[in-house]
Amino acid sequence: MASSKPVAESRDQPSRLSTDTVFSLVPTTPDDDLVTIAHASEPKTMPSDPSRYERHEKHYYDDGNIIFCVESTLFRLYRGLLARYSDVMRDMSYIGSTSNQCHLHPEDDTSMEGIPVVTLHDSATDFACLLDFLLTPNFPHYPNPLPSFETCLSLLKISSKYCFDDIFESAVWHLRNTLPTSLEDFIANPGLTMFTDIRAAQVVTAAREFNLPEFVPLALYAITTYAWGSEVEPADLVLSALPQADRARAVVARTAIHSEALKVAFTMHEHGLVASSCTNPVSHSRTCAKGKPAMLWMNPSEALEEFLRNPLRQLVIRDRCEFHSLCKGCVDGIRAKMGADLEMLFARLPAIFMLLNAIFDEVSPPPAEIYLGITSDDSSIVYYRLSKGIVKPPI
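Cut-offs applied
- Note on numbering: residues in each chain are counted from 1, in written sequence order.
- At least 70 in pLDDT is required for a residue's local features to be given in this predicted model, at least 80 for side-chain atom pairs to be given and counted, and no such filter applies to totals for whole chains, interfaces and linings, which use all residues.
- To obtain the side-chain values, all non-hydrogen atoms of the structure were included, while hydrogens and water were left out.
- Note that a disulfide, as used here, is simply two cysteine sulfur atoms within 2.5 Å.
- For every residue, the accessible area obtained with a 1.4 Å probe (protein chains only) is divided by the maximum for its type, and the residue is called buried under 20%, exposed over 50%, and partly exposed between those limits.
- Helix and strand assignments come from DSSP, with helices taken as H or I runs of at least 4 residues and strands as E runs of at least 2, each series counted from the N terminus.
- Here the expected length of a helix is defined as 1.5 Å per residue gap, with one fewer gap than residues.
- Contacts are assigned to residue pairs that have any heavy atoms within 4.5 Å of one another.
- Each Phe, Tyr or Trp ring (for Trp, its six-membered ring) is paired with any other whose centre lies within 6.5 Å, and the angle between the two planes then decides the class: stacked below 30 degrees, edge-to-face above 60, tilted in between.
- Among buried residues, the Ala, Val, Leu, Ile, Met, Phe, Trp, Tyr and Cys ones that are joined through side-chain atoms within 4.5 Å form a nonpolar core.
- Two strands qualify as a pair provided that DSSP identifies no fewer than 2 bridges between them.
- Throughout this description, the term salt bridge denotes a Lys or Arg side-chain nitrogen within 4 Å of a carboxyl oxygen of Asp or Glu.
- Confidence scores per residue from the predictor, reported as pLDDT, run from 0 to 100.
- In the analysis that follows, any N or O atom pair within 3.5 Å is treated as a polar contact, provided that within protein one partner can donate a hydrogen and the other can accept it, and provided that, for residues neighboring in sequence, both atoms belong to side chains.
- Only protein atoms enter the calculation, which uses a 1 Å grid: trapped sets of points that fit a 1.4 Å probe without letting it out are cavities, open sets showing protein on both sides within 12 Å along at least five of seven lines are pockets, and any residue with an atom within 4 Å of a point is a lining residue.
- Grid points are joined across faces, edges and corners, and a volume is the space filled by probe spheres set on the points.
- Under this grouping Gly is polar, as are all residues other than the nonpolar Ala, Val, Leu, Ile, Met, Phe, Trp, Tyr, Cys and Pro and the charged Asp, Glu, Lys and Arg.

**Considerations on the state of the cysteines**
Thinking step 1. With the rule as written, the count across this model stands at 0 disulfides.
Thinking step 2. As a non-bridged cysteine, Cys 152 has Cys 129 as the owner of its nearest cysteine sulfur, 9.3 Å distant.
Thinking step 3. The exposure class of Cys 152 is buried, given its relative accessible area of 3%.

Structure below.
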């Protein structure tokens with residue numbers, strides 16, 4: 001049985017009950033026995049229209065006391081269990097137990113074994129994911145195999161709409177254990193291999209929709225620094241999947257990242273952009289190769305090009321190099337500088353992508369409050385007070 005104890009992390013924000021949370025009830029008429037017991041070899045469908053409704057293979061419980069019709073799938077569930085985890089479902093269950101006056105299809109004056117039927121305008125797959133998660137004994141932690149990225153997105157959508165707060169936080173918990181949000185996460189996987197196909201764009205879209213800003217910077221970075229080359233179609237596919245404002249951020253940030261990387265490159269002797277040298281011996285016949293990129297890279301120009309395109313990844317990869325052509329003092333100096341540059345560039349990501357929370361870091365000295373003024377030709381100026389992070393509104 002699921003635990004009612006909420007996950008430790010919480011999102012302080014107003015109720016997430018969406019305006020499109022629509023439900024309706026089929027009137028309860030005991031005489032209309034439209035669902036019969038099917039033989040094992042027969043489909044579990046409504047005899048009145050076999051092609052229209054089908055019982056869900058897992059979540060149709062014979063002793064359930066409320067039926068949900070989602071698309072063409074029927075879910076027979078338990079009012080009390082749903083009401084325990086969702087105020088929205090509690091209200092639906094209350095209506096279902098006291099009213100028999102409303103239904104989705106006026107022509108379908110039917111009931112199912114005297115059980116009220118609530119019609120939800122959602123995806124049956126999303127609703128099934130919600131029930132899989134809710135009825136799992138190990139809730140809120142999902143059993144093996146762990147939920148897929150697509151399952152987590154489904155859970156975010158459906159649990160947010162119907163205010164299953166514990167399940168929402170559990171889905172976020174799994175995303176935080178799957179997707180990178182910190183510098184340590186990036187160092188562990190500098191290639192950001194979890195952002196395959198259009199997944200990075202899906203992460204950005206979900207982060208915007210469900211107020212999860214911690215997932216945005218590295219997802220945008222993956223899109224911005226990908227080596228598209230001549231692959232125009234995949235690039236267009238990913239960019240078109242982004243929200244419009246973030247699409248513009250990704251395009252502009254490509255130049256901004258190049259500019260930030262160039263500033264760092266001019267302080268590094270590895271690319272020969274700054275004059276430097278070292279005469280310390282490396283072997284009996286060679287001296288330190290500091291300031292001589294041809295001795296450090298097989299293709300110096302390609303090494304510089306890769307650094308300017310994806311500086312964070314290059315800094316992590318180079319920190320793992322041996323640098324046999326350099327003396328120990330120069331190697332130690334390079335590693336220390338690469339670590340400092342990596343932290344600096346990572347901290348600059350919100351500003352590079354022009355994210356709202358970067359405003360507080362860009363203004364010096366840091367302000368206690370920032371106000372945003374918005375005006376138009378047909379209205380007066382409206383001011384909004386900005387906060388750094390999520391602030392719980394006073395009650």
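Next, the rest of the story.
**A look at helix α5 (residues 165-176)**
Thinking step 1. Look at α5: 16 Å from first C-alpha to last across 12 residues, which is about the 16 Å you get at 1.5 Å a residue.
Thinking step 2. Among the 12 residues in α5, 9 count as buried, and that is most of the element.
Thinking step 3. Looking at the buried side of α5, the elements it contacts are α1 (79-85), α3 (124-134) and α4 (149-161).

**Quick look at the packing of aromatic side chains**
Thinking step 1. Here the structure, examined in full by the defined rule, presents 5 aromatic pairs.
Thinking step 2. For the pair Phe 186 and Tyr 221, a centre-to-centre distance of 6.1 Å together with 85° between the ring planes defines the contact as edge-to-face. You can see Phe 186 sitting in helix α6 (residues 183-188) and its partner Tyr 221 sitting in helix α8 (residues 216-225), a full 35 residues away along the chain. As far as the burial class goes, Phe 186 and Tyr 221 line up, both buried.
Thinking step 3. Put simply, the rings of Phe 68, Phe 75 and Phe 127 touch in pairs and so form one group of aromatic residues.

**Overview of the nonpolar core**
Thinking step 1. Among the nonpolar cores identified, the biggest contains 92 residues, and Phe 68 and Phe 127 are the most heavily contacted of them.
Thinking step 2. With 8 residues, the top contributor of residues to this core is α3.
Thinking step 3. Setting aside chain neighbours within four positions, we find Phe 127 in contact with Phe 68, Val 70, Phe 75, Leu 77, Met 89, Leu 120 and Ile 158.
Thinking step 4. Core analysis: the next-biggest nonpolar cluster, separate from the first, contains 8 residues, Tyr 60, Met 112, Ile 115 and Val 117 among them.

**Quick notes on unusual backbone geometry**
Thinking step 1. The phi dihedral of Cys 163 is positive, around 60°, even though this residue is not glycine.
Thinking step 2. By the element assignment, Cys 163 lies in the loop between α4 and α5.
Thinking step 3. Residue Cys 163 is classed as buried on the basis of its relative accessible area of 14%.
Thinking step 4. One non-glycine residue with positive phi stands out, namely Met 354, at about 55°.
Thinking step 5. With respect to the secondary-structure elements, Met 354 resides in the loop between α15 (349-352) and α16 (359-362).

**Some thoughts on the pairing of strand β5 (residues 117-120)**
Thinking step 1. Every second residue of β5 is oriented toward a common face, with Val 117 and Thr 119 on one face and Val 118 and Leu 120 on the other, all of them buried.
Thinking step 2. Strand direction decides the pairing type here: strand β3 (residues 66-70) and β5, joined by 4 bridges, are parallel. Bridge pairing links Val 70 to Leu 120 in β5.

**Quick word on the pattern of salt bridges**
Thinking step 1. In the structure shown here, the tally under the stated rule is 14 salt bridges.
Thinking step 2. Residue Lys 263 pairs with Glu 260 through a salt bridge whose shortest N-O separation is 3.9 Å. Here Glu 260 and Lys 263 lie together in helix α10 (residues 244-265), a separation of 3 residues that amounts to about one turn.
Thinking step 3. Classification of Lys 263 as exposed rests on a relative accessible area of 53%.
Thinking step 4. Overall, the relative accessible area of 11% leaves Glu 260 in the buried class.
Thinking step 5. Of the charged contacts, one joins Asp 341 and Lys 337 as a salt bridge, the two residues approaching to 2.7 Å between their closest N and O atoms. One end of the pair, Asp 341, and the other, Lys 337, are both in helix α14 (residues 328-347), 4 residues apart, so they sit about a helical turn from each other.
Thinking step 6. Relative accessible area serves as the criterion here: at 27%, Lys 337 is assigned to the partly exposed category.
Thinking step 7. One salt-bridge network, held together by shared partners, links Arg 208, Asp 246 and Arg 249.

**Some words on the confidence of the model for the protein chain**
Thinking step 1. On average, residues of the protein chain score 77 in pLDDT, and 70% of them reach the 70 mark or higher.
Thinking step 2. Here strand β1 (residues 23-26) is the element of the protein chain with the lowest mean pLDDT, 39, and α6 is the one with the highest, 95.
Thinking step 3. This model gives residues 1-48 a pLDDT under 50, and the stretch forms 115 contacts once residues within four places in sequence are excluded.
Thinking step 4. The low-confidence segment residues 98-110 (pLDDT under 50) makes 26 contacts with residues lying over four places distant or belonging to another chain.

**Digging into the environment of Thr 224**
Thinking step 1. Along the polypeptide, Thr 224 turns up in helix α8.
Thinking step 2. Taking relative accessible area as the criterion, Thr 224 reaches 3% and is therefore assigned buried.
Thinking step 3. Once the C-alpha coordinates of Thr 224 and Phe 353 are considered, the two residues, 129 residues apart in sequence, prove to be 9.8 Å apart.
Thinking step 4. When residues no more than four places from it in sequence are discounted, the contact partners of Thr 224 are Ala 250, Ala 253, Arg 254, Ile 257 and Phe 353.
Thinking step 5. A polar contact of 2.7 Å, which involves the side chain of Thr 224, links it to the backbone oxygen of Leu 220.

**Some remarks on the layout of surface pockets**
The rolling of a water-molecule-sized probe over the atoms marks out the regions of remaining empty space.
Thinking step 1. Here the second largest pocket defines a volume of roughly 380 Å³.
Thinking step 2. Lining the second largest pocket are 21 residues, with Gly 191, Leu 192, Phe 195, Ala 222 and Tyr 226 positioned closest to its centre.
Thinking step 3. By residue number, the principal contributor to the lining of the second largest pocket is α8, which donates 4 residues.
Thinking step 4. The residue makeup of the lining of the second largest pocket, split by class, is 12 nonpolar, 5 polar and 4 charged.

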